[in-house]
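Letter by letter, the chains look like this.
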Amino acid sequence: MKYKNIIVLVFGITLFLSCKTNPFTGKKTLALVSNSQILPMAFQQYNQFLSENKVVRGTSEAQRITTVGQKIARASERWLNANGYSGYLKDYKWEYNLVEDKSVNAWCMPGGKIVFYTGILPIAKDETGIATIMGHEVAHALANHGQQRMSAGQLQQVAGVATAVAVSGKSQTTQQIVGTAFGLGSQFGVMLPFSRSHETEADRIGLQLMAIAGYDPNEAANLWRRMKANSGGQAPPEFMSTHPSSDTRIRNLTAWAPAARAEARKFGVTSFK
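Residues numbered from 1 in each chain as written. Predicted model: local features only at pLDDT ≥ 70, side-chain atom pairs only at ≥ 80, totals over all residues. Heavy atoms only, no water.

Q: What's the story with helix H9 (residues 246-265) in this structure? I'm lost.
A: Residues three or four positions apart in an α-helix share a direction because the helix packs 3.6 residues into each turn. With 20 residues, H9 ought to run about 28 Å at 1.5 Å a step, and its terminal C-alpha atoms sit 28 Å apart, in line with that. Remark: the principal bend of H9, roughly 40 degrees, maps to Ala 257, with a proline, Pro 258, within the next four residues. Within H9 the residues assigned to the buried category are Ser 246, Thr 248, Arg 249, Ile 250, Leu 253, Trp 256, Ala 257, Ala 260, Glu 263 and Ala 264. (Helix = DSSP H or I, 4+ residues; strand = E, 2+ residues; numbered from the N terminus. Expected span 1.5 Å × (residues − 1). Bend = angle between axes of the 7 residues up to and from the residue. Buried < 20%, exposed > 50% of the residue type's maximum accessible area, 1.4 Å probe, protein only.)

So this is what it looks like as structure tokens:
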């Protein structure tokens, strides 16, 4: 067997053995980096971020972020336990902080470390809007999207090196053309669609979680209508973005809301906030 074929075989076996199952979708996901490696690093970076920024404490808004976060986390635990994933959250250390910042943003690090910026609160508008955002961010953590992105980044680097080696004997012009083609192809054909798929997945999982927590999933599309209005419709074409367009998200969330309400009824939730 040729050397390069051995490399391909070993690489393929590594990928196969490095897959995990997403409990919410049943799909195999890439996990070249383990949680034992990721979570300590994520927790350290989260604490460092908090130490370098103004955390809002003791206000009704800060308390609301924590309250909603706890409800969504409990909803996720109920779903996981009911679907045979008891203990899935054993390494998670949920934390919810409101940070003084005009950015319209919120994010979640692996392991359940969440930040809301004050700039997003006017668009969230109320507790249900916060629950829509919180469900989405919690879903990123539950689906191990951070782990998948790091793994995909490693694969992109390996593929880049392999491509460079493959054309190393060619002319400099050919090497530049191939390198540029690889960079554009991997970014627009792989990495950006990969990121958009994570956002769509988090939207759908988050919708279920907010419904199980007692929040009306029909309101999720309204949040994105407000997001779109706030941006003034200014956004890059979807294929150039890490996120689906607002219009795509509004359509998806509207279509998925009935299923989310049906899922919540399995847990005895029949009225929504």
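Let's pick the thread back up.
Q: How should the confidence of the model for the chain be read in this particular structure?
A: Interpretation of this model should avoid reading the predicted coordinates in detail wherever pLDDT is low. With 67% of its residues at a pLDDT of at least 70, the chain reaches an overall mean of 78. Within the chain, no element has a lower average pLDDT than helix H1 (residues 3-17), which sits at 41, and none a higher one than strand E3 (residues 55-56), at 98. Scored below 50 in pLDDT, residues 158-165 makes five contacts in the model with residues more than four places away or belonging to other chains. Contacts for the low-pLDDT stretch residues 236-241, under 50 throughout, to residues beyond four places or in other chains number 14 contacts. (pLDDT = per-residue confidence, 0-100. Contact = heavy atoms within 4.5 Å.)

Q: Can you walk me through the sheet that holds strand E5 (residues 106-109) in this structure?
A: Strand pairing within a sheet occurs via backbone hydrogen bonds; the two strands may be parallel or antiparallel. Spatial ordering of the open sheet is given by E3-E4-E6-E5, a layout of four strands whose pairing is mixed. Only two strands of the sheet have a single neighbouring strand rather than two, namely E3 and E5. Sheet topology places E3 next to strand E4 (residues 95-99); two bridges connect them, and they run antiparallel. Paired with Val 55 across the two strands is Val 99, which belongs to E4. Most of the contacts of helix H3 (residues 60-82) go to E4, to which it runs at about 150 degrees, and overall it touches E3, E4 and strand E6 (113-117). (Pairing = 2+ DSSP bridges. Axes fitted to C-alpha atoms, helices over the stretch in contact; angles between N-to-C directions.)

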